[in-house]
Amino acid sequence: QVQLVESGGGLVQAGDSLRLSCAASGRTVSTYAMGWFRQAPGKEREFVAVISWNSGNTYYSDSVKGRFTISRDNAKNTVYLQMNNLKPEDAAVYYCAADRSYGTAVAPRCYDYWGQGTQVTVSS
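Definitions and limits used
Residues numbered from 1 in each chain as written. Predicted model: local features only at pLDDT ≥ 70, side-chain atom pairs only at ≥ 80, totals over all residues. Heavy atoms only, no water. Phe/Tyr/Trp six-rings, centres within 6.5 Å; stacked < 30°, edge-to-face > 60°. Helix = DSSP H or I, 4+ residues; strand = E, 2+ residues; numbered from the N terminus. Buried < 20%, exposed > 50% of the residue type's maximum accessible area, 1.4 Å probe, protein only. Lys NZ or Arg CZ within 6 Å of the ring centre and 35° of its normal. Pairing = 2+ DSSP bridges. Axes fitted to C-alpha atoms, helices over the stretch in contact; angles between N-to-C directions. Disulfide = S-S within 2.5 Å.

A. Molecular detail of the packing of aromatic side chains. The tally for this structure, following the rule as stated, stands at six aromatic pairs. Between the aromatic rings of Phe37 and Phe47, the centroid separation amounts to 5.7 Å while the plane-to-plane angle is 75 degrees, which identifies the pairing as edge-to-face. Highlighted residues: Phe37 in strand S4 (residues 33–39) and Phe47 in strand S5 (residues 46–51), separated in sequence by ten residues. The pair formed by Phe37 and Phe47 is uniform in burial state, with each residue classed as buried. Here Phe47 and Tyr59 contribute two aromatic rings whose centre-to-centre distance is 5.6 Å and whose plane-to-plane angle is 25 degrees, an arrangement assigned as stacked. Here Tyr59 lies in strand S6 (residues 58–60) and Phe47 lies in strand S5, a separation of twelve residues in the sequence. For Tyr59, a relative accessible area of 44% corresponds to the partly exposed category. Ring pairing ties together the aromatic residues Phe37, Phe47, Tyr59, Tyr111 and Trp114, which thus form one cluster. The cationic tip of Arg45 hangs over the ring face of Tyr95; the distance from NZ or CZ to the ring centre is 3.8 Å. A cation over a ring is seen here: Arg45 above Trp114, with NZ or CZ 4.9 Å from the ring centre.

Here it is, written out as structure tokens:
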């Protein structure tokens, strides 16, 4: 019912910034919690950030807190991840996900819809 398409990934050097976008279609996600996850080769998918439906609550993994900012524009049905001071360990495929449940969650199993991912590569 909901399709998510990520964009904005690319190749950057350590210390640079990127802004990822996640465009939702099919129906509004204005009442959904929206999350970002990432997966590097040989590693499990890990939680990055989540934002509640009304932007009232955000939560970040310890590894990105203070560097990344999640935001949303419900009028555009879009979620963003501003990534500052990127580090080589941030390199991964980044996935956008939507959770129909109330509140926020950090476990991938809690999310109902997923995008195909966008590649972020960070060179040192």
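B. Quick peek at the sheet that holds strand S1 (residues 3–7). Strands sit in the order S1-S3-S8-S7 across an open sheet of four strands; the sheet is antiparallel. Edge strands, defined here as strands with exactly one partner in the open sheet, are S1 and strand S7 (68–73). The sheet shows a mean angle of 15 degrees between the axes of neighbouring strands, direction not considered. In this structure, strand S3 (residues 18–25) lies alongside strand S8 (residues 78–83), joined through six bridges in antiparallel fashion. Directly across from Leu18, in S8, lies its bridge partner Met83.

C. Molecular detail of the pairing of S3. Bridge count for S1 against S3 is five bridges, and the pairing is antiparallel. Counted as the bridge partner of Val5 is Ala23 from S3.

D. How the structure looks around the pairing of strand S11 (residues 118–123). By the alternation rule, side chains of S11 split into Thr118, Val120 and Val122, which are all buried, and Gln119, Thr121 and Ser123, of which none is buried. Two elements, strand S2 (residues 10–13) and S11, share four bridges in a ladder whose sense is parallel. Bridge pairing in S11 links Gly10 to Val120.

E. A look at the state of the cysteines. Applying the stated rule across the entire model yields one disulfide. Shown here is the disulfide that connects Cys22 with Cys96, its sulfur atoms set 2.0 Å apart. What sets the handedness of the Cys22 and Cys96 disulfide is the S-S torsion sign, and at about -80 degrees it is left-handed. In this pair, Cys22 sits in strand S3 while Cys96 sits in strand S9 (residues 92–99), placing the two residues 74 residues apart along the sequence. Cys96 provides the cysteine sulfur closest to Cys110, a residue in no disulfide bond, and the two sulfurs are 16 Å apart.

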